[in-house]
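For reference, the chains in residue letters:
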Amino acid sequence: MKRKEFLSRLIGEMTDFLLEGDPLRLVVSLHQEEDGAHLSFFDDQERTEREIEKIRTALNPKRNRPELAAYYGTMAGRDLNLGSRLKLIGWQIKQATVTNNNPGIHIDLWLGSDSFIVPKK
Amino acid sequence: MHKRERTLYLLMLVILCSLTLAGVILEGPEDLLGKLLLLQTRGARLISDFTVHGVGLALLNVASVGFLGLVLVYFAAINLSGPTLATIMTMMGFSFFGNTLYNSTPVIIGVFLASKLAKVSFGSYSIIALFGTAIAPIVTYLSFEIGLAPMIGIPLGIVSGIGIGFILPAIAGTLLSLHQGYSLYNMGFACGFVGLFIASILNALGLLQPLAVLWSESSSLALTLVVPVMSLFFIITAFTLERPGEMLSGFLGVQGQIGRLPSDYYESESPSGTLLNIAVLGLIYWLYVLGVGAPINGPVLGGLLTIMGFGGFGKTVKNTIPIVLGVFLTTLLLGNSPASPSPILAALFSTTLAPLAGQFGFFIGILAGAIHVIVVDVTASWHGGLDLYNNGFAGGLTASLIISVIHWLSANRTREDFT
């Protein structure tokens, strides 16, 4: 149940963020494994390299912040500004990659236990 | 550990050691431990100014609780940064009028046990544990104030504190989504919520005593100097971290922040700019207290230290002024003195609503302050003074009301509908 809730919240948060860009197409893909999961998001919204970099940075915080992730993690998905919301997501996941598909963005989120190995691109 | 974090640890150690030294000098070395032990048994519900029992003793109590917070942050392996600095400074502030080592520890143990049950690290719940000490007066109350023999009262108080701490994580998360991070003292909201039920039970059992106000009106040079000296420490530390230009631009960057939870200025802006913000906030509101002619006593210092603590976690000069102005104007409008206990504490602690002014502007800030000062006047009696962060409770209610209306208005725009 915990995994289901966590996944549904993360999917909600990310789609909420992407829908703010008002895309015409949005694809969400989930791949689950025993000790982890991989979420992919694609949209067709054109973004500058600078915007992409901001998303990438926010989703990959330099330091773990358990004191903020666990308690304030429920805040993500509200109407927080871009940086704060993505950072809250970033604190809760293992790794994120952000690619510019031009037009459109491709965001991969990996989440799971320590034993879950994030595949190298 | 990063250099910036090491510097912050050093700063806090210097402050805590200075407070200890000042406490020992003022109180004298004679039977210091005995006096400190006696303080643990004193009533801690709102408003119990510990400086009445001795200025030096109160400073020692502040230092001891501050050390507890700092040690917990260190051993919980979390960053000493904006949020954790806010927790430690707030705990220190409330140790002038409520928190002690005796009544705070059981609540922290309760949250620790909850983290074990939830199978998460204590670090994940550390903010809840530290801010959760807002409900600590229940421990002292059950232990020493309802006439039970110590053999029964002390275990009852401790077990109750642990039990309440145990349920705090569940409540804190739920209430956070109610005001959506627009009230900074969310744990005050959560503890007030729990306090309502506890006070009701105590009342049903005939054990809830009426509230009393223990409020020192006398001035003490040592207490008056606490905020300026601490601000000086923060400014000196800011100079050691970055160049003056970076510090100033960081400070201006901090002023542009909304402050909604969780905003760690220490990480998102500049460390030196954040420390300068903390110092400037402390000095501005210290001058406000002196300006309205209120005494610098335990509860007032609690308010000032809390404002400073949140200078790295949501409060700026810009987003706090409208709220305090709202409280000040409403107080005058109602014919009350801004220097009397409730209005002065409301003015200082109302800054819990700073993110509302940060997000929605000056006039919403004034409105929030005006509503807050009226609401906070009655909320303490609801929870029997058991929630030290009474302004956090009232602030949570105020923020929830304002944010509900604003969101309802913004969600009912026809242009966003498919039809």
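The preceding data block contains the structure.
In this text, all values refer to a predicted model and were calculated from it rather than measured experimentally.

Draft legend 1. Expanded view of the packing of helix α1 (residues 3–27) of chain B against helix α4 (residues 82–94) of chain B. Residue and element names in this part refer to chain B. Between α1 and α4, whose axes approach to 12 Å, the crossing angle comes to 5°. In this view, α1 runs roughly parallel relative to α4, as classed from their interaxial angle. Residues Leu 8, Met 12, Ile 15, Leu 16 and Leu 19 of α1 lie in contact with α4, whose contacting residues are Leu 85, Ile 88, Met 89 and Met 92. Split by residue class, the contact of α1 with α4 holds 9 nonpolar, no polar and no charged.

Draft legend 2. Summary view of the packing of aromatic side chains. All names here are of chain B. A full pass over the atoms with the stated rule returns 19 aromatic pairs over all chains. When the centroid spacing of 6.5 Å and the interplanar angle of 40° are considered together, the rings of Phe 97 and Phe 349 count as tilted. Here the residue Phe 97 occupies a position in the loop between α4 and α5 (101–117), and Phe 349 occupies one in helix α16 (residues 341–349), the gap between them amounting to 252 residues. Residue Phe 97 is classed as buried on the basis of its relative accessible area, which comes to 1%.

Draft legend 3. Layout of the sheet that holds strand β4 (residues 105–112) of chain A. Residue and element names in this part refer to chain A. Spatial ordering of the open sheet is given by β1-β2-β4-β3, a layout of 4 strands whose pairing is antiparallel. The outermost strands of the open sheet, each flanked by one partner alone, are β1 (26–33) and β3 (95–100). Taking each pair of neighbouring strands and ignoring which way they run, the sheet shows an average axis angle of 10°. Across 7 bridges, strand β2 (residues 36–43) lies against β4 in antiparallel orientation. In the sheet register, His 38 faces β4, and the bridge partner there is Trp 110. Contacts between helix α2 (residues 49–59) and the sheet are confined to β3 and β4, with β3 contributing the most and set at about 175° to the helix.

Rules and cut-offs
- Residues numbered from 1 in each chain as written.
- Chains lettered and ligands numbered in written order.
- Predicted model: local features only at pLDDT ≥ 70, side-chain atom pairs only at ≥ 80, totals over all residues.
- Heavy atoms only, no water.
- Axes fitted to C-alpha atoms, helices over the stretch in contact; angles between N-to-C directions.
- Helix = DSSP H or I, 4+ residues; strand = E, 2+ residues; numbered from the N terminus.
- Parallel < 35°, antiparallel > 145°, perpendicular 65-115°, else oblique.
- Contact = heavy atoms within 4.5 Å.
- Nonpolar A, V, L, I, M, F, W, Y, C, P; charged D, E, K, R; others polar.
- Phe/Tyr/Trp six-rings, centres within 6.5 Å; stacked < 30°, edge-to-face > 60°.
- Buried < 20%, exposed > 50% of the residue type's maximum accessible area, 1.4 Å probe, protein only.
- Pairing = 2+ DSSP bridges.

Without other data, these values stay purely geometric and don't point to any function.
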